[in-house]
Each structure stands twice: as structure tokens, then as C-alpha cells.
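Okay, here's what each chain looks like letter by letter:
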Amino acid sequence: MHERTIEIGDVTLRDAHQSLLATRLRLSDMLPAIPALDRAGFAVLEAWGGATYDACMRFCDEDPWERLLAIRKAAPNSRIRMLVRGQSLVGYRHFADDVVDLFISRAAAAGVEVFRVFDALNDVRNLERPVRAVLDAGGEAEGAISYTTSPVHTIDTFVRTAAELAALGCSAIAIKDMAGLLAPAAAFDLVRALRRRVGLPVVVHTHCTNALAEAACMAAAEAGADVLDGAVGALAGGSSLPAVETLATMAESAGRATRLDLDAVEEASAHMREARARYRDVDTGRTGVDGRILRSQIPGGMLSNLVAQLRDMGASERLGEVLDEVPRVRAEMGYPPLVTPSSQIVGAQATLNVVGGARYAIVANETRDYFRGLYGRPPAPVDPDLAARLLGGERPTDVRPADILPPEVEPARREYAYLRPTDEDVLSLVMFPAVARKFIAARRGAAA
């Protein structure tokens, strides 16, 4: 006898290939699987956002907006979710409020119904404008906690963040465990605390990187989680998420019914199994457990891209050194959760510290901006000596970072008028100027 239903969310079209295939999966390899995904009975299909926007133009020669429209058309019965990096949207820096407003409104018009919004530092100031824009556009704002472990992250701190998200108007709370750090006991305690003290539905999103995910999901379900995220089996496991087939079986065995049509899931998985074979050059191929990830806390999407970057630099053999350096850099930066953009900042600086000859001999601009407070308030104080060295006496900002940003939409319209940009083009040009300018110019038959 089932006590109640638990929903399953699918991330095959976004986070799964971001984690396993360096975000290279093309729309042509997605479309054959989408009708089956649409029939399978998922709570949502996470199909857009995160690194997919950038990768569409940079690696796949696709317009990300056309991809979204095509997915929306192919999945008429499903709710489409996207991942929004707070004030960074789908980019790697904070954008002005007018960019946030336009982006959210256009994404909603193109078919996104659920917006999972998060901030890499859990600085809720950076989520105020995105959540307001989602609600103004008639969308559903799912507030996400960037989960991590550190001396300063506790159940109480996560619950406080969730309460602030609820106060903004979020209708659900997601535990976003991008690095697979959520242990079963912690999952049970955190889900129970959120359900009791915040009172909103709880979604659990955790990766398999450290072989904790399935047990954590089971514990979360027992504690009252409402939705578990997963991917079809062909793109599950490794640094991706649990297989939805496994989640459904575990939930059913614990008396939690799911709505999944497992025949439809297997049909989608068969398409993805065939497609995955075409991406061997970027496939991480990670099937075992690397205990170093528990220390480095590198998330799945970051790991696959880091492996690819080191390979391109001819330094693949130095991955272990980078993994050892990441926690040192993270501690010096006040223990930020490692999720975009903080994961890229910490990961890039750790790589520079390893390949650059000496620690901080080369300092990325983004690292300096982090210490300037331009990404938000770190969870804990940064290393004061390192801050003094990097800033040279400059005082970091203590206001919401976007408060000091001038409007960007109209200046971009003027700058790129020769390309005859649509609203969507303007957004791409603001967020990824070099890549988008070349991409759009080629589409328009104009000079970049």
C-alpha cells in the first residue's frame, strides 16, 4: 500500500550531458528521445540553462533559443525547467537588472515554466531580482540551496537560506548537491528540517560522483522529499545523477508510488545510449569512485570540463594536483560552494596555481573580482593576507553586486545594431560577446 506519491524530475537534456559529455550533446541527438521523455510522466524536464546556453553557440553551432523552442514543441505535455545562476543567469559574471528582466521574460515566452534559481554563495541578495522577474513573467520560481560541506555550513544555515527564498516568493526548495556530497543521514536531517521549518515542497538533486546519491535519495524520500531528480540510465551514474529507473524502483519498494512509465523511460534511454557513442572524444568515461572528489568537492559538470581543459593543455597527468589544490583555494576564499561561477573561479585559480609555477603567481581577473565582492558575500571571511595581496588595499564592496552595474540592454542594442539583433540575440551578445558576435554574424551573413 503506497502512502503517497513521490515525483521524479528528469535532467537528461541538461545536467546529465553537462556532467558526462562536457555539455556537447546536440539537439539532433536529443530530439529522437524527447517524445518518450514527454510520455514518461516526469514532474519536469530540465532542458535548458546552465552551461548549455554557452555550449550551444560555442561547440554545437546552435542557437540556444531555437533549441529551447524545439524542445518545447517536442514535449507538449511536460513542464520545462531551466537552471538560472541567479544574477549571472547562464553566464559567468553578474549582469545588470535590465538583462535579468529581459532574459527571464523571453525564456518564459519561449516555454520555460519552472525556473530553478540559485546563487553560488547562497547570497540571497543575488536572487531577489531573478525571482521577482520569474513571478512577473508568470513562471514558477524554485529556490535552490547550493549544498556543500565546510566548517561554516550547517543545517541551520541552509534552513535560513531556504526561509529567505520562501520569503521572496519561491514555491519550492531544491537541495542542489552538484558535487555529490550529500550523505544519507545529512539528506534525511536536512529534508526533514526544511519540511518542518520552511514548509515548502522539497526537491533533491544530487550527483553520483561519490557513490552516495542513491542512498541519499532514499533517505530523502523517507524524510518526506517531494521530488527526486535523475537521468535516464544511459546518461546516469558517474558524475551525472542517479538513474530514474533506480529511483523509481527504490521509491516503490519504500511505499512511495511514482507516475513513471518505465517503458517510455527505456525507449528514451535507448536513444541516448546510441547517441552517447558519438561523443567518445568528450565522454569522461568515469564509472568508478574517486575519493579525492570528497575533498575537492568538484561538481560533475565542472569535472568533465576540467578534464577536457587539462587534456587540451597537454596536462592531463596533473589532474590529481589540481584536485588537491582546489580545497586549499576554496578555504582561502571563504568556503564557497563549488557551483557555477564559483566552481570555475576556484577551479581555474587552482589550475593556475598548479601549472603556473607557484601559487598565485598568475591570478585570474575573476579571482580578484571575487575578493572585491563582485560575486556576493562569501560564506566565511576570506584569507586576509591573500586579500591584501590581491587587492592592494582596495576595499571590497558590501552592497548587492548588481546595484553598482549600469544598464546593459540598450547599450548593447546600439553597439550591435549592424547585426539587426533580436531581443534574444542582444541577450547572447551581452552574456557571451565574443562567441555570440561570431555566431550571429555568421547567421546574418555579416562581418563580425
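Everything in this summary refers to the structure shown in the same document. In this text, all values refer to a predicted model and were calculated from it rather than measured experimentally.

Moving on to the overall build of the chain. From N to C terminus, the chain includes 21 helices and 10 strands. In terms of C-alpha radius of gyration, the chain reaches 21 Å, essentially the compact-globule figure of 22 Å for 448 residues. If you line up the chain on its principal axes, its C-alpha atoms span 65 × 55 × 45 Å. The buried share among the 448 residues of the chain stands at 60%. Restricting to contacts in the chain with at least 6 residues of sequence separation, those with at least 24 account for 77%.

For helix 1 (residues 12-20), the buried fraction is high: nine of the nine residues fall into the buried class. Of the positions making up helix 1, those classed as buried are T12, L13, R14, D15, A16, H17, Q18, S19 and L20. Downstream of helix 1 by one or two residues, A22 has phi in the positive range, about 50°.

Now for the pattern of salt bridges. Within the structure shown, the criterion is met by 41 salt bridges. One salt bridge connects D189 with R192, and the closest N-O pair in it is separated by 3.7 Å. Here the residue D189 and the residue R192 both occupy positions in helix 9 (residues 184-197), the gap between them amounting to three residues, near one helical turn. When its relative accessible area of 32% is taken as the criterion, R192 is described as partly exposed. The network of salt bridges with shared partners includes R14, D15, E46, R81, R116, E142 and D229.

A separate point is unusual backbone geometry. Look at the link from T340 to P341: it is a cis peptide, with omega at 5°. With respect to the helices and strands, P341 occurs in the loop between helix 15 (319-332) and helix 16 (342-355). Even without glycine at this site, D61 takes up a positive phi of about 55°. Relative to the assigned elements, D61 resides in the loop between helix 4 (52-58) and helix 5 (64-74).

In this structure, Y53, F103 and L194 are the most contacted members of the largest nonpolar core, which totals 110 residues. In terms of residue count, the dominant contributor to this core is helix 6 (residues 97-109) (six residues). Here F103 is in contact with W48, Y53, W65, M82, L89, V90, L427 and M431, once residues within four sequence places are set aside.

Now for the side chain of K176. Inspection of the secondary structure puts K176 in strand 7 (residues 172-177). Buried charge K176 goes without a salt bridge, the closest partner of opposite sign being D15 at 5.0 Å. Other than its neighbours up to four places away in sequence, K176 contacts R14, L83, F118, A144, I145, S146, Y147, H205 and V339.

What follows deals with helix 5. Think of an α-helix as turning once every 3.6 residues; residues three or four places apart then point the same way. Buried residues of helix 5: P64, W65, R67, L68, I71 and R72, and no others. For helix 5, the angular spread of buried residues about the axis comes to 155°, placing them on one side. Of the residues flanking the start of helix 5, the one acting as N-cap is D63, its side-chain oxygen 2.7 Å from the backbone nitrogen of W65.

Turning next to the side chain of R24. Looking at the secondary structure, you find R24 in the loop between helix 1 and helix 2 (27-30). A polar contact of 2.6 Å, which involves the side chain of R24, links it to the backbone oxygen of A22.

Under the definition given, this model contains 10 aromatic pairs. On the numbers, 5.9 Å between centres and 10° between planes, the contact of W48 with F103 is stacked. Of this pair, W48 sits in strand 3 (residues 45-49) while F103 sits in helix 6, and the two are 55 residues apart along the sequence. Each of the two residues, W48 as well as F103, counts as buried. Here the aromatic rings of Y53 and F103 are separated by 6.1 Å at their centres, their planes lie at 55°, and the arrangement is tilted. One end of the pair, Y53, is in helix 4; the other, F103, is in helix 6, and 50 residues separate them in sequence. In this structure, Y53 and F103 share a single accessibility class: buried.

Analysis parameters
Residues numbered from 1 in each chain as written. Predicted model: local features only at pLDDT ≥ 70, side-chain atom pairs only at ≥ 80, totals over all residues. Heavy atoms only, no water. Helix = DSSP H or I, 4+ residues; strand = E, 2+ residues; numbered from the N terminus. Rg over C-alpha atoms; globule rule 2.2 N^0.38 Å. Buried < 20%, exposed > 50% of the residue type's maximum accessible area, 1.4 Å probe, protein only. Contact = heavy atoms within 4.5 Å. Salt bridge = Lys/Arg side-chain N within 4 Å of Asp/Glu carboxyl O. Core = buried A, V, L, I, M, F, W, Y, C linked by side-chain atoms within 4.5 Å. Lys, Arg positive; Asp, Glu negative; His and termini not counted. Arc of directions from axis to C-beta. Polar contact = N/O pair within 3.5 Å; in protein donor to acceptor, adjacent residues only side chain to side chain. Phe/Tyr/Trp six-rings, centres within 6.5 Å; stacked < 30°, edge-to-face > 60°.

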